[in-house]
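Here are the chains, one letter per residue:
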Amino acid sequence: MSTFDEKVELFFKEADLDKSGELTVLELAKVLHKAGAAPTPEDVVNMFQEMDANNDQKMTLDELKKALAKRDPKAVQEAELRSAFKDFDTDNSGTVSVKEIEAVLAKQKIKANAEAIFKKADVNSDGKIDIEEFLKAFREQS
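Just so we're clear, the structure is a prediction, and the values are computed from it rather than from any experiment.

Across its full length, the chain carries eight helices and four strands. Shown N-terminal to C-terminal, the secondary structure of the chain runs as helices and strands in the order α-β-α-α-β-α-α-β-α-α-β-α. For the chain, the proportion of its 142 residues judged to be buried stands at 31%. Contacts spanning at least 24 positions in sequence make up 43% of the contacts within the chain whose residues lie at least 6 apart. Looking at the chain as shown, the accessible area adds up to about 9400 Å², and 54% of this sits on carbon and sulfur atoms.

This is how it looks when you write it as structure tokens:
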């Protein structure tokens, strides 16, 4: 899994449709919708204006990183956890299975009992871990 900075850079590159090194409001809106977020046009404009430090109607990677650094650490942590959930959810089902945990652990060369991790996180015992269970499991470890 990547660091938060690497994920921000990847997000920025994906959003920068014209490869100009700067984002427009439209590019930000498109990447947010592609990621599954559904902000209103007004929300996107407000978000963009908060991050566009010099008000030139363009957002640089540096402006994005600085704006995210000012955010509530709990909100940033949740964003990282949600991103990690997507890394685990390799079949994009919206849930994580024992096999997906095993695969991530193996890829990261982490020796751990995937079944035990799974059982602890699957609080409703439905045989899969959804995003809320995933977030709760990590919050309880902190």
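Here the focus is helix α4 (residues 61-69). Within α4 the residues assigned to the buried category are E63, L64, A67 and L68. Across the axial projection of α4, the buried residues extend over an arc of 130°, all falling on one side.

Looking now at the nonpolar core. Among the nonpolar cores identified, the biggest contains 17 residues, and F88, V96, I101, I129 and F134 are the most heavily contacted of them. If you list the elements that add at least two residues to this core, you get α5 (73-88), α6 (98-107), α7 (114-121) and α8 (131-141). Excluding its chain neighbours within four sequence positions, the residues that come into contact with I101 are F88, V96, A114, I117, F118 and I129.

Two elements in contact, α6 and α7, have axes separated by 9 Å at closest approach and are oriented at 130°. Regarding the angle of α6 to α7, the classification is oblique. The handedness of the crossing between α6 and α7 is right-handed. Only A114, E115, I117 and F118 of α7 make contact with α6, whose side of the interface consists of V98, I101, E102 and L105.

Another point: the side chain of D16. The topology assignment puts D16 in the loop between α1 (4-15) and β1 (22-23). Here D16 is in contact with G21, E22, L23 and E27, once residues within four sequence places are set aside.

Attention now moves to the confidence of the model for the chain. Segments scoring low in pLDDT should not have their predicted coordinates read at a detailed level. Per-residue confidence for the chain gives a mean pLDDT of 85; residues scoring 70 or more make up 88%. The least confident element of the chain, judged by mean pLDDT, is α5 at 74; the most confident is strand β3 (residues 95-96) at 95.

Under the criterion given, the structure shown has three salt bridges. For the salt bridge of K65 with E9, the shortest nitrogen-to-oxygen distance reads 2.6 Å. Here K65 is found in helix α4, whereas its partner E9 is found in helix α1, with 56 residues between them in sequence. For K65, a relative accessible area of 25% translates into the label partly exposed.

Looking now at the packing of aromatic side chains. Taken as a whole, this structure holds two aromatic pairs when the rule is applied. On the numbers, 5.2 Å between centres and 70° between planes, the contact of F85 with F134 is edge-to-face. Residue F85 is located in helix α5, and its partner F134 is located in helix α8; the two are separated by 49 residues in the primary sequence. Taking the relative accessible area as the measure of exposure, F85 reaches 6% and is therefore buried.

For E133, the position within the fold is in helix α8. Judged by relative accessible area, which is 6%, E133 ranks as buried. Measuring from C-alpha to C-alpha, the distance between E133 and A121 comes to 5.9 Å, with twelve residues separating the pair along the chain. With sequence-adjacent residues up to four places away left out, E133 is seen in contact with A121, D122, V123, N124, D126 and K128.

Reading the values: the criteria
- Throughout this description, residue numbers start from 1 for each chain and increase along the sequence as written.
- Residue-level local features of this predicted model are given only where pLDDT is at least 70; pairs of side-chain atoms are given and counted only at 80 or more, and the full residue set underlies all totals for whole chains, interfaces and linings.
- Only hydrogens and water are set aside; all other atoms, that is, all heavy atoms of the structure, feed into the side-chain values.
- Strands are runs of DSSP state E lasting at least two residues, helices are runs of H or I lasting at least four, and both sets are numbered from the N terminus onward.
- Accessible area is worked out with a 1.4 Å probe on protein chains only. A residue is then buried under 20% of its type maximum, exposed over 50%, and partly exposed in between.
- Only heavy atoms enter the contact rule, under which two residues are in contact if any of them lie within 4.5 Å.
- Residue-level accessible areas treat just the shown protein chains as cover; the underlying method is Shrake-Rupley with a 1.4 Å probe.
- In this description, one arc is meant: the one made by directions from the helix axis to the C-beta atoms.
- Each nonpolar core is a collection of buried residues, namely Ala, Val, Leu, Ile, Met, Phe, Trp, Tyr and Cys, held together in the definition by side-chain atoms within 4.5 Å.
- Angles shown run from 0 to 180 degrees and are taken between the N-to-C directions of axes, each axis being a line fitted to C-alpha atoms and, for helices, limited to the stretch in contact.
- We call two directions roughly parallel when the angle between them is under 35 degrees, roughly antiparallel when it is over 145, roughly perpendicular when it lies between 65 and 115, and oblique otherwise.
- Left-handed is the label given to a crossing in which the near helix is rotated counterclockwise from the far helix by less than a right angle, and right-handed is the label when the rotation is clockwise.
- The predictor reports its confidence for every residue as pLDDT, a score running from 0 up to 100.
- What makes a salt bridge here is a side-chain nitrogen of Lys or Arg within 4 Å of a carboxyl oxygen of Asp or Glu, nothing more.
- Between rings of Phe, Tyr and Trp, where Trp is taken as its six-membered ring, a pair exists when centres lie within 6.5 Å; planes separated by under 30 degrees are stacked, by over 60 edge-to-face, and by other angles tilted.

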